[in-house]
Amino acid sequence: MIRVLVAEDATVMRQTVVALLGLEADIEVAVAVAAGDEVVAAALEHRPDVAVLDVGLPGLDGITAAGRLAVLLPGCRV
């Protein structure tokens with residue numbers, strides 16, 4: 001099972017990505033967040049294998065969040 005973190009500030013887009021990923025038998029959306037400053041804490045709590053990040057997240061942009069994940073949770077692919 002591949003565990004995924006989804007970070008997207010647009011509610012409809014976030015819900016759509018979560019719903020589409022949920023259709024796959026071998027993918028589990030571990031957590032979905034709406035702001036960049038929620039990414040690292042959510043990732044450390046839920047330990048996803050993959051993080052799907054919007055680049056233009058509020059609070060902390062997706063590029064910076066990806067860099068922090070690389071350091072704090074190096075097994076998580078972005």
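Residues numbered from 1 in each chain as written. Predicted model: local features only at pLDDT ≥ 70, side-chain atom pairs only at ≥ 80, totals over all residues. Heavy atoms only, no water.

### Concerning the overall build of the protein
In plain terms, the rule: Here a helix means four or more residues in a row that DSSP labels H or I, a strand means two or more in a row labelled E, and each is numbered from the N terminus. Atoms considered for the radius of gyration are the C-alpha atoms alone. The globule rule reads 2.2 Å times the number of residues to the power 0.38. We call two residues in contact whenever any of their non-hydrogen atoms come within 4.5 Å of each other. Note that accessible areas follow from Shrake-Rupley with a 1.4 Å probe, and for residues the cover is restricted to the protein chains shown.
Counting its secondary structure elements, the protein contains three helices and three strands. Ordered by position from the N terminus, the helices and strands of the protein form the series β-α-β-α-β-α. Relative to a compact globule of 78 residues, whose C-alpha radius of gyration would be 12 Å, the protein shows 11 Å and is just as compact. Put simply, of all contacts in the protein between residues at least 6 apart along the chain, 65% involve residues at least 24 apart. When the accessible surface of the protein is split by element, carbon and sulfur atoms take 60% of a total near 4400 Å².

### What to know about the packing of helix α2 (residues 39-46) against helix α3 (residues 62-72)
Each pair of packed helices can be described by the angle between their axes along with the distance between the axes. Rules: Fitted lines through C-alpha atoms serve as axes, helices being fitted only where they are in contact, and the angles separating the N-to-C directions of these axes extend from 0 to 180 degrees. Two helices cross in a left-handed way if the nearer one is turned anticlockwise from the farther one by less than a right angle. They cross in a right-handed way if the turn is clockwise. Each residue is assigned to one class: nonpolar for Ala, Val, Leu, Ile, Met, Phe, Trp, Tyr, Cys and Pro, charged for Asp, Glu, Lys and Arg, and polar for all the others, Gly among them.
Two elements in contact, α2 and α3, have axes whose closest approach is 9 Å; the angle formed by their N-to-C orientations is 35°. Of the two elements, α2 crosses α3, and the hand of that crossing is right-handed. Contact residues: Val39, Val40, Ala43 and Leu44 in α2; Ala65, Arg68, Leu69 and Leu72 in α3. Taken together, the residues that form the contact of α2 with α3 break down as seven nonpolar, no polar and one charged.

### Notes on α3
Where we set the bar: We call a residue buried when its accessible area falls under 20% of the maximum for its residue type, exposed when it is over 50%, and partly exposed in between, using a 1.4 Å probe and counting protein chains only. What the arc covers is the set of directions going from the helix axis to the C-beta atoms.
Every buried residue belonging to α3 is among Gly62, Ala65, Ala66 and Leu69, and all of these are buried. Viewed end-on, α3 has its buried residues packed into an arc of 100°, placing them on one side of the element. What points out from α3, more than 90 degrees from its buried face, is the exposed set Ile63 and Val71. At its buried positions, α3 is contacted by α2 and β3 (50-53).

### Brief notes about the sheet that holds β3
We apply this condition: Here, strands pair whenever DSSP counts at least two bridges between them.
Here three strands make up an open sheet; going across it, the order is β2-β1-β3 and the pairing parallel. Since the sheet does not close on itself, it has two edges, and those belong to β2 (27-33) and β3, each with one partner. Geometrically, the sheet is characterised by an average inter-axis angle of 25° between neighbouring strands, direction not taken into account.

### Section: the pattern of salt bridges
Cut-off, in case you're wondering: Every case where a carboxyl oxygen of Asp or Glu lies within 4 Å of a side-chain nitrogen of Lys or Arg is listed as a salt bridge.
Counted by the stated rule, this structure contains one salt bridge. Among the ionic pairs, arginine 3 bridges to glutamate 28, the shortest N-O distance being 3.3 Å. Taken together, the residues arginine 3 in strand β1 (residues 2-7) and glutamate 28 in strand β2 connect sequence positions 25 residues apart.

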